[in-house]
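Working through the structure, step by step
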Amino acid sequence: MAKQHISTTINGEPMEFLCEPHQSMLDVLRGPLGLTGSKEGCGSGDCGACSVTLDGRLVCACLMLAMEAEGASITTIEGMATGEALHPLQQKFLEMAALQCGICTPGVLMAARSLLERNPDPSETEVRFWLAGNLCRCTGYDKIVRAVLETAADMRENAA
Amino acid sequence: MNVISNKWIGQRTIRPDGADKVTGRAAYSADTTLPGLIWGKVLRSPHAHARIKSIDTSKAEALPGVKAVVTAKDLVDFPLDKSVMLGIQDMRWMCRNVMAREKALFHGHPVAAVAATSEEIAAEACRLIVVDYEVLPHVIDIDDAMQPGAPILHDFIQFEGKPSNIAGKLEHKLGDVEAGFAGADVIIERSFSTEPVHQGYIEPHACLVSVSGDGKAVIFSSSQGQFMVRAMTSLLTGIPQSDIRAIPAEIGGGFGGKTIIYLEPVATLLAKKSGRPVKMTMSREEVFRASGPTSGSKSTVKIGATRDGKIVAGQGTFYLQAGALPGSPIRGAAGCAFAPYDIPNVHSLGFDVVSNRSKVAAYRAPGAPIGAYAVECVLDELAEALKIDPLELRLKNAAKQGTKAAHGPVFPRIGFVETLEAARAHDHYKAPLGKLQGRGVASGFWFNAGGESSAQVNITEDGNVAVTTGHPDIGGSRASIANITAELLGIDYNRVSVQIGDTASIGYSNLTGGSRVLFASAMVVTQSTEKVITTLRERAAKIWKIDPEAVTWEDGEARPAGDNAGKFPGLSLADLAARASETGGPIGAGVQLNTTGAEGGFATHICDVEVDAELGIVRVLRYTSFQDVGRAIHPSYVEGQMQGGAAQGIGWALSEEYIYDRNGKVDNAGFLDYRMPVCSDLPMLDTVMIEIPNPKHPQGVRGVGEVPLVPPLAAVANAVANALGKRFYALPMSPPRVLAGLDGA
Ligand code: FES
Ligand code: FES
């Protein structure tokens, strides 16, 4: 089958690409689009390292067909900071050492942001279950969970 | 100790590589590309054990888009009768692990590789390769592999004069165990088993290699040592080390599993043959099937004590699965098992057993968790039999300065007792427990390691500092190195940048592993920085026309001292850098050392669990680790090591295992079925860092990365036993096994 032409929005910018019908969004992001911040840990939806948002919904890019991007809006880790200003979650992850090797970090950050957009005041249990799809082998999750809870508290304070 | 002030050492600074890692910019091994790149794929054995009679690659080579095919014939052979060692790795096994030679030894063993213009064509070409196999009977489990009549993997391995799957033996003896047991009032002897578990790094193995027309190779890959990548690739391809440049990518976890390589030599040969850059990545399934987990084990431990709780004898026999080629970590199992204790009579034996599984690789304190699991569980039963508190029993017998360990050394100042005392005093140890809840404690030891490291410290022309070392940063070591450099120079942390050099730009540096990186790199960075400070004082002396001895370095500037004190205004790093050309040229220094004095690390963990008797699920409710960390240069990353190790240990104890089908094929080669702890499985993991500085290190550093994985297996097992009043002797204590055990109660 011939390559398909897709028009989409990625990190707020209009974008076009060609893809095979069977190609995953992750392959297209990491390949032709050069957005390698989304990582491939498994390719089967089990690790969350490829987490992106599709029209505001958190998805595994490895499980999404690239063709589903047509007309949609996708956000990746590359779209999280605004210019030089890191997102509060990114800043807090640095301050609290919530990453060791950092390979899970883009996915964890995307998932955490998506949680805080829905629930600005999550409990520890809610954070743990929301992030249950993001494997991290280095940290034991402790510093990740603490960083998400502290960011949520900071953001609530700043909004008040 | 030459650090007096503490402006940066011990601070929770922001890691130099942090911003790139939270924005997705950091380049891990699969994240780069090159013009003209083609894709490599590996054809793997569908059999657990088979003789390779012939390989016909002609159809694959004829497929349009295929640019190169490689089989074992293209790799350098290391004949079986002569051992060639690279560190602890025997190249006879490495060459057969990278590509099957005489036989395919496990399901998933590479037999050939193809490079083509797309991944799809490469995969299609692999299907066109015809391998004529003579399928042989296989053996997976240790007990089966040691049975008389078991299929023998390697004819050249003999044990007690007969062909055998027992490939090696290691023995530690201290005193006279028989006499020791004769004097014991209570003796407990138990047998245990553990399953192989994978390191579980989230980044699969990957590499990008290009070989230029004159045969020079550039390898971009993530590993626990770019120099290891260079050396192994050189040995396996025949390309001299001077023609290989190994560039360390950011590494997405290793835990020991990336101390050896799988893809780089193959990609190098494919790139050389095709004249095109070759990229190879393993799928998660390939990582599970064909990269090394750590050993499964069978062990028996017997410990005897007098009525007052003094341990008089300890005996351990540890059988470890090596996988298809020799080399399981019996040294860690047999050597670390009894090391935390002052026991006059010890006999510890390790056996290396091959079977048709992927060859094991190092995993955090290799072997030690297996030894500690058995010993620490027996100690728990001993405490119960003697009616002594389990921490008290350990305290009574704890190794201290001057204790002779069975594996050889006499301990210098160590902090084991302090970990036990801190655990005993902690409120966790006294907190109430509910129904079906239990508490367990366990301790552990790891050797730690020194070895070769190199560093270069340069003053930039604008008076800042660029440090280069040779060790991949796997968990924040750049931040610790910047802390040390800023401290010694008396300048702001943000003025120090830290790079990991490739093999052409920094001197030889041994692996990131063994808990050695900060210990060794802090030494070379410290010595390099001290040399730089000497130069800076000399330059200031030259400007002032006084004796260098009359110049001190304080608070980031040169100051006249002694008779000249106060005579000249101080010269800052920026002042001296600006005048470097006129005072003698660029300012910088490098040091290369084979470091010694790493000294062992100890930890004690407390774990609370709750058992769901209906579902068989064991939940960890609370977990606290106490560890002698020497000196925490960057406390957050030390805590991170302690927390990560505890989490991995909880997974090993409760849920992780390889499941094989009847044909010797892994049945659960994915993250869904190979169950590592997820965020909702764990509680917060509390840490108590105890700082007993290592007297043999300028900053007092001890390795901290491996010990955290040593106690958890037994800490969890002891907690489960405490909750149920019934003990499991096999890991993992997964829901089906717990339910079966409860039914049998
Ligand atoms: S790569 Fe998509 S979930 Fe793992
Ligand atoms: S930081 Fe390494 S996997 Fe999460």
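Residues numbered from 1 in each chain as written. Chains lettered and ligands numbered in written order. Predicted model: local features only at pLDDT ≥ 70, side-chain atom pairs only at ≥ 80, totals over all residues. Heavy atoms only, no water.

Residue and element names in this part refer to chain B. Here strand E7 (residues 110–116) lies mainly inside the structure; 7 of its 7 residues are buried. In terms of strand pairing, strand E1 (residues 38–44) meets E7 through 6 bridges, oriented antiparallel. Considered in E7, the bridge of Trp39 is made with Ala116. For strand E3 (residues 66–71) and E7, the ladder comprises 5 bridges, and the chain directions are antiparallel. The partner of Val70 across the bridge, within E7, is Ala113. (Buried < 20%, exposed > 50% of the residue type's maximum accessible area, 1.4 Å probe, protein only. Helix = DSSP H or I, 4+ residues; strand = E, 2+ residues; numbered from the N terminus. Pairing = 2+ DSSP bridges.)

Residue and element names in this part refer to chain B. Inspection of the entire model under this criterion finds 21 aromatic pairs over all chains. Centroid distance Phe159 to Phe351: 6.0 Å. Interplanar angle 80 degrees. Geometry classified as edge-to-face. Here Phe351 lies in strand E19 (residues 346–354) and Phe159 lies in strand E9 (residues 158–159), a separation of 192 residues in the sequence. When sorted by exposure, Phe159 lands in the same class as Phe351, which is buried. Centroid distance Tyr341 to Phe416: 5.8 Å. Interplanar angle 75 degrees. Geometry classified as edge-to-face. Residue Tyr341 is found in the loop between helix H10 (330–336) and E19, and its partner Phe416 is found in helix H13 (residues 416–425); the two are separated by 75 residues along the sequence. For Tyr341, a relative accessible area of 3% translates into the label buried. In textbook terms, an aromatic cluster arises when at least three aromatic residues are bridged by ring pairs, as seen for Tyr341, Phe411, Phe416, Phe445, Trp446, Phe447 and Phe602. (Phe/Tyr/Trp six-rings, centres within 6.5 Å; stacked < 30°, edge-to-face > 60°.)

So, about the sheet that holds strand E25 (residues 557–560) of chain B. Residue and element names in this part refer to chain B. Taken together, the 3 strands give an open sheet; going across it, the order is E24-E25-E26, and neighbouring strands pair in antiparallel fashion. Two strands close off the open sheet at either side, each with one partner strand: strand E24 (551–554) and strand E26 (571–572). As paired strands, E25 and E26 are joined by 2 bridges and run antiparallel to one another. Paired with Glu557 across the two strands is Ser572, which belongs to E26.

With that settled, the discussion passes to the environment of Ala399(B). Residue and element names in this part refer to chain B. Among the structural elements, Ala399 can be located in the loop between helix H12 (390–397) and H13. Accessibility expressed as a relative area gives 1% for Ala399, which makes it buried. The sequence separation of Ala399 and Ile414 amounts to 15 residues, and the corresponding C-alpha distance is 8.3 Å.

This part covers empty space enclosed by the protein. Residue and element names in this part refer to chain B. Under the criterion given, the structure shown has 7 cavities of 30 Å³ or more. Of the pockets and cavities examined, the largest cavity occupies roughly 80 Å³. As for the largest cavity, its lining consists of Val42, Arg44, Asn97, Val98, Met99, Phe106, Pro110, Tyr262, Leu263, Val266, Met282 and Ala290. Empty space within the second largest cavity amounts to approximately 60 Å³. As for the second largest cavity, its lining consists of His205, Ala206, Ser222, Ser223, Lys258, Ile260, Ile261, Tyr262, Leu263 and Glu264. Its residues assigned to classes, the lining of the second largest cavity shows 5 nonpolar, 3 polar and 2 charged. (1 Å grid on protein atoms, 1.4 Å probe; cavity = no way out; pocket = protein on both sides within 12 Å on 5 of 7 lines; lining within 4 Å. Points joined across faces, edges and corners; volume = space filled by probe spheres on them. Nonpolar A, V, L, I, M, F, W, Y, C, P; charged D, E, K, R; others polar.)

Residue and element names in this part refer to chain B. As a packed pair, helix H11 (residues 368–386) and helix H20 (residues 712–724) sit with axes 7 Å apart at the nearest point and diverge in direction by 35 degrees. Of the two possible hands of crossing, H11 and H20 adopt the one that is right-handed. Contact with H11, carried on its side by Pro369, Ala372, Tyr373, Glu376, Cys377 and Asp380, involves Leu713, Ala714, Ala717 and Asn718 of H20 and no other residues of that element. Across the contact of H11 with H20, the residue classes break down as 7 nonpolar, 1 polar and 2 charged. (Axes fitted to C-alpha atoms, helices over the stretch in contact; angles between N-to-C directions. Left-handed = near helix turned anticlockwise from the far one by under 90°. Contact = heavy atoms within 4.5 Å.)

Each partner contributes residues to the interface: chain B has 51 residues there, and chain A has 43 residues. With both chains or domains summed, chain B and chain A bury close to 3800 Å², and 60% of this area falls on carbon and sulfur atoms. By the criterion of area lost to chain A, the three top residues of chain B are Val22(B), Cys679(B) and Met684(B), representing 20% of everything that side buries. If you look at where chain B meets chain A, you find 5 salt bridges. The closest approach of N and O atoms between Lys143(A) and Glu639(B), which form a salt bridge, is 2.5 Å. Taken together, the connections running from chain B to chain A amount to 21 residue pairs in polar contact (both at pLDDT 80 or more). Looking at the side of chain B that touches chain A, the element that brings in the most residues is helix H19 (residues 635–654) of chain B, giving 9 residues. Within the side of chain B that touches chain A, the residues separate by chemical class into 25 nonpolar, 17 polar and 9 charged. (Buried area = accessible area lost by both parts, 1.4 Å probe. Salt bridge = Lys/Arg side-chain N within 4 Å of Asp/Glu carboxyl O. Polar contact = N/O pair within 3.5 Å; in protein donor to acceptor, adjacent residues only side chain to side chain.)

A word on the pattern of salt bridges. Residue and element names in this part refer to chain B. Applying the stated criterion across every chain yields a total of 54 salt bridges over all chains. Where Arg127 meets Glu124, a salt bridge forms, and the shortest distance between an N and an O atom there is 3.1 Å. With Arg127 and Glu124 both in helix H4 (residues 119–128) and 3 residues apart, this pair spans about one turn of that helix. Note on Arg127: relative accessible area 60%, which makes it exposed.

Frequently, the measure chosen for interface size is the accessible area removed from exposure when the parts meet. Residues and elements named next belong to chain A. By domain assignment, chain A separates into domain 1 (4–79) and domain 2 (88–159). Relative to domain 2, the C-alpha centre of domain 1 lies at a distance of 22 Å. Domain 1 puts 16 residues into the contact, and the matching count from domain 2 is 14 residues. With both chains or domains summed, domain 1 and domain 2 bury close to 1100 Å², and 61% of this area falls on carbon and sulfur atoms. Joining domain 1 to domain 2, the criterion identifies 0 salt bridges. (Domains from an automatic or database assignment.)

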